[in-house]
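Okay, here's what each chain looks like letter by letter:
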Amino acid sequence: MSYLLKGAHVVDPAVELDGIYDVYIQGDRIAAVAPELDVAQLAVGADALNDGSANTTNTATDNDITVIDVSGKYLVPGLVDMHVHFRDPGFEYKETIETGSRAAVHGGFTDVATMPNTDPVADTGAEIRYQYDRGAAAGYAHIRPLGALTRGEKGEAIAEIGDMVMEGACGFSDDGHGVQSAGMMRTCMEYVSQFDRVAIAHCEDNSLSSHGVINEGYASTRLGMFGWPALGEELEIYRDIELCRITKCPLHIAHISTKKGLDLVRAAKAEGLPVTCEVTPHHLFLCEDDITDTYNTNLKMNPPLRLASDAAALRDGLLDGSIDCIATDHAPHAAHEKDCEWEIAFCGMIGLETSLPLMMTHMVLSNKMSMVRLVELMAINPRRILRLEPVSISAGNVADITLIDPEKTERITPDYFESKSKNSGFIGQELTGFASDVFVAGKQVVSQGAVVE
């Protein structure tokens, strides 16, 4: 099927586009991008001119070309979330690859990297192939599986990394746990480096964090709960950067949450080490002050919500280039796993469907960040870190496209989510700037904000 997206504001720094263009999609590829494309010429096979953008308001069909007026919308390369938990296999009562994929495209993402802490853990090629097959069967977002660093994520023996690379693993992590042994982490990084893949570090020293359930300091004292010190994260960031220096393995710091941790990454980058990092929307726009005596367990995280000054430093890091990408750490849980005492509630919140509107509302539409920088953080850099094929709004490229309506405003309620779980800390907030249309390999999977069945 072919689509002509008319009048989009295309933003793609990779090909230096930031203006109004038409974008023609033919099959799974972008066939042309130009300031003006004529449907009659395209219908008779006119030469492709260049590349463009898409969104949906008014549509018309001419000779099997569906024309969509997307004026007033931003058209950008498909967004990528390099850190999600789809719980499949083993915990399908929380999320499946199908429901997670629906949530992904509803939030504007064409690609998601699934973490390996499933049951069984994705520590061999068979589990990586399962992720790909289930993703293809769902037919929504591209699934980009991540493999475990160690067998069963137990930190005791290296996983079948070569086997997983052969099946298409795009990176490796024991996310959900810090690899406690520095020697084991070094061995894993030395092995991963041989395959031009990235080691993704969940930085947590269990000897410091084991009893903690909230950031150590004022919040833990005020609410009378065991504290989780920032040092437990920062020590492992420092350790893994030093291991990166020894092994030369590309290192990516997951869900960074403190100013000091970011300063360590910033120094490593200045030194020229292959170190990158991500931040979650909840660590950017929430802090320990948001946790009140109502004990909303949707705000219980790993790592925990930190100081307001940490959140401000992380927002600054987005703007100065110290932080490479936004990743949601999408963590679905069943209602009974959150509707309980804070101490025993599971950590994490869903994030795929609120990430883009949070960034639009608090950063882009408030004029703190450009759309160009947003595209770098949410589309270009994650692909580079994961060694995925670049996607740009230009002729010949795969038609993975996200359209964004900068004027759409919506109050977040449980009914808004396509995810199987509803554990969001942003329920009740009014946000602006949502994905209106999404194309995955030329297939329209979201139309006017709704997932296409």
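Per an unreviewed UniProt entry, the protein chain goes by Dihydroorotase and derives from Atopobium deltae. Check the Catalytic activity (unreviewed entry) section of the UniProt entry for the protein chain; it says "(S)-dihydroorotate + H2O = N-carbamoyl-L-aspartate + H(+)". Comment text from UniProt for the protein chain, heading Function (unreviewed entry), reads "Catalyzes the reversible cyclization of carbamoyl aspartate to dihydroorotate."

Chemist: Would you explain the pairing of strand β17 (residues 401-411) in this entry?
Modeler: Residues in a regular strand point their side chains to alternate faces of the sheet. Pairing geometry for strand β6 (residues 74-77) and β17, over four bridges, is antiparallel. Following the sheet pairing, L75 is matched in β17 by L403. In this sheet, strand β18 (residues 430-440) lies alongside β17 in antiparallel orientation, the contact comprising eight bridges. Bridging across to β18, D405 finds its partner in F434.

Chemist: For this particular structure, what's the right way to read the pattern of salt bridges?
Modeler: Pairs can form between side chains of opposite charge whenever their charged atoms are close. Counted by the stated rule, this structure contains 26 salt bridges. Among the salt bridges present, the one from K269 reaches D324, with a minimum N-O distance of 2.8 Å. Placement of K269 in helix α9 (residues 259-271) and of D324 in the loop between α11 (308-320) and β16 (325-326) is noted, with a sequence separation of 55 residues between them. Classification of D324 by relative accessible area gives buried; the value is 6%. Taken together, the shared-partner salt bridges connect K259, D263, R266 and D320 into one network.

Chemist: Help me understand the environment of K6, please; the structure alone is not making it clear to me.
Modeler: If you trace the backbone, K6 turns up in strand β1 (residues 2-12). Along the primary structure K6 and V70 are separated by 64 residues, whereas in three dimensions their C-alpha atoms are 5.6 Å apart. Setting aside anything within four residues of it in sequence, one finds K6 in contact with Y21, D22, E36, L37, V67, I68, D69, V70 and S71.

Chemist: Help me out: how do you make sense of the sheet that holds strand β7 (residues 79-84) in this one?
Modeler: Strand pairs in the sheet, formed through backbone hydrogen bonds, run parallel or antiparallel to each other. Strand order in the open sheet made by the three strands is β7-β8-β9, with parallel pairing throughout. The open sheet has two free edges, formed respectively by β7 and β9 (142-145), since each of these has just one partner strand. Strand-to-strand, the axes of this sheet are offset by a mean angle of 20 degrees, without reference to chain direction. As defined by bridge partners, β7 adjoins strand β8 (residues 109-114) across four bridges and the pair is classed as parallel. Bridge pairing in β8 places L79 opposite F109. The sheet strands contacting helix α14 (residues 371-385) are β7 and β8, and the helix crosses β7 at an angle near 55 degrees.

Here is what the cut-offs are and how they apply
- Residues numbered from 1 in each chain as written.
- Predicted model: local features only at pLDDT ≥ 70, side-chain atom pairs only at ≥ 80, totals over all residues.
- Heavy atoms only, no water.
- UniProt positions renumbered as here; feature names shortened; annotations may be inferred.
- Pairing = 2+ DSSP bridges.
- Helix = DSSP H or I, 4+ residues; strand = E, 2+ residues; numbered from the N terminus.
- Salt bridge = Lys/Arg side-chain N within 4 Å of Asp/Glu carboxyl O.
- Buried < 20%, exposed > 50% of the residue type's maximum accessible area, 1.4 Å probe, protein only.
- Contact = heavy atoms within 4.5 Å.
- Axes fitted to C-alpha atoms, helices over the stretch in contact; angles between N-to-C directions.

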